[in-house]
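Coordinate analysis (summary)
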Amino acid sequence: MAKRLLLPLVGLYILYLAGGLALAYVEVIDRVYFFPGFAIKRPMPDKSTFAPDGPLVQYRPDGTALSRRIVPQGAGFTIQLDTLHHPTDSLTCFVQETGLTFRFPRHAFPAAEAAEYPAPEKMLVVSDIEGNFKGLQLILQGAGVTDAQARWRFGRGHLVFVGDLFDRGLQVTECLWLLYKLEHEAAQAGGKVHFILGNHEVMNLTGHYKYLRRKYRKNADSLGVEYARWYAPDTELGRWLRTKNVVERIGPTLFVHGGLSPEAAALRLPLPALNDLTRRSLDAPDTTGRNAAEKLARNPKLSPDWYRGLAQEDAPATHVAAVLRQYGARRLVIAHTPVEQITPLYDGQVVAIDLPHQETTGQGLMQALWIESGKFSVVDNQGRKRAL
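Residues numbered from 1 in each chain as written. Predicted model: local features only at pLDDT ≥ 70, side-chain atom pairs only at ≥ 80, totals over all residues. Heavy atoms only, no water.

**Looking at empty space enclosed by the protein**
Throughout the structure, instances matching the rule amount to one cavity of 30 Å³ or more. Reported here for the largest cavity is a volume of approximately 60 Å³. Gly-54, Pro-55, Leu-56, Val-57, Thr-173, Trp-177, Trp-230, Tyr-231, Thr-235 and Leu-237 are the residues that line the largest cavity. Taken together, the elements giving at least two residues each to the lining of the largest cavity come down to strand E3 (53-59) and helix H3 (172-189). By residue number, the principal contributor to the lining of the largest cavity is E3, which donates four residues. Partitioning the lining of the largest cavity into residue classes produces seven nonpolar, three polar and no charged. (1 Å grid on protein atoms, 1.4 Å probe; cavity = no way out; pocket = protein on both sides within 12 Å on 5 of 7 lines; lining within 4 Å. Points joined across faces, edges and corners; volume = space filled by probe spheres on them. Helix = DSSP H or I, 4+ residues; strand = E, 2+ residues; numbered from the N terminus. Nonpolar A, V, L, I, M, F, W, Y, C, P; charged D, E, K, R; others polar.)

**Side note on the side chain of Thr-243**
Within the secondary structure, Thr-243 is located in the loop between helix H6 (236-241) and strand E12 (247-250). From its side chain, Thr-243 meets the backbone oxygen of Trp-240 in a polar contact 2.7 Å long. Excluding residues within four positions of it along the chain, Thr-243 makes contact with Phe-109, Pro-110, Ala-111, Ala-112, Glu-113 and Arg-279. (Polar contact = N/O pair within 3.5 Å; in protein donor to acceptor, adjacent residues only side chain to side chain. Contact = heavy atoms within 4.5 Å.)

**Thoughts on the pairing of strand E13 (residues 253-256)**
Within a regular strand, side chains alternate between the sheet's two faces. Residues Thr-253 and Phe-255 of E13 are buried on one face, and the alternating residues Leu-254 and Val-256, pointing to the opposite face, are buried as well. By the bridge criterion, four bridges tie E12 to E13 in an arrangement that is antiparallel. The residue bridging Ile-250 from the neighbouring strand is Thr-253, located in E13. Once E12 ends, the chain turns through two residues before running back antiparallel as E13, passing Gly-251 with a positive phi of about 60°. Two elements, E13 and strand E14 (residues 331-334), share four bridges in a ladder whose sense is parallel. (Buried < 20%, exposed > 50% of the residue type's maximum accessible area, 1.4 Å probe, protein only. Pairing = 2+ DSSP bridges.)

**As for the nonpolar core**
Judged by nonpolar contacts, the single largest core of 102 residues is most densely connected at Val-125, Leu-159, Leu-176, Tyr-231, Leu-254 and Phe-255. Per-element accounting of this core gives the leading share, nine residues, to H3. Discounting residues that sit within four places of it in the chain, Leu-159 has contacts with Leu-124, Val-126, Leu-140, Val-145, Trp-152, Leu-179, Leu-182, Lys-192, Val-193 and His-194. (Core = buried A, V, L, I, M, F, W, Y, C linked by side-chain atoms within 4.5 Å.)

Given below as structure tokens:
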């Protein structure tokens, strides 16, 4: 009896798979479930192409800089070149998706960001935007960090971005310039923007372009600057990104994109030294002949921007407690490994915040972590908060 039932069931299953794969092939559906909880997602063809972008600001030996932009003109686009003679000359960024144009000055920044800061009264913490400008603007405005024109309205509050503005989306440049602009405006208001480097920042700074969209290759050809030079040390964004950390402590909370592995913790490095290790690796990708610490900074399984052991709860609780004790913290906020909702782990000592922001079109709900007076909440793009 069982055998007679099994054959028709197998036949129906094969028919289901064949039909599902056929529908995926003709782009009617985007995934086929082999069994509950396990699916194969159809790769989406990248049809992105030449589109507005920039500015790309490159410095010349004489100290002047050349700004290149792709801007709308009539029914198409044109390339605009501007020479910048003064360090505070303003730049303009246009966001095609939203129609927003924002203007801002270049500003001075330190050679390296500090690794430790006192706790502010309130913080918005977000990560893994991956080129989704509309989603980023939604959550910033909804949480009261910016207004409708993307101007800083958070006073002495802190905005903490825990990595991965790059790849997958089509407004990477615009997202970068927005945080650059807000950093300057926040400082003027007594606030602060923190930008923690994620693995996608590190990938793009070290020549790994697996997730780069076709648009950027087309734009690079049109601008006459290969993409590998867009974030080089002679560019404004390249210089700025090289000042950023992979881990920071703000009050009693550590922020890191991936996590701190047992191997990284075993180095017993102070936070400034751990950050310097990663910064040095950005322009020295070859680890041949380097010491163990330098190799670890580029190890995708163990480095702070890649390690997933905490999010997957593979690391023992004793390791988490030891890391917090080592760096004088009470909790650790991580991104990088996707979660369906902001999730406390290890009895609340670790908080995972990587939500699928890159899939939000602007109509969906954006959420982020809100910290106020030491209490953790979740805030959405409508300003609603709930305790974590």
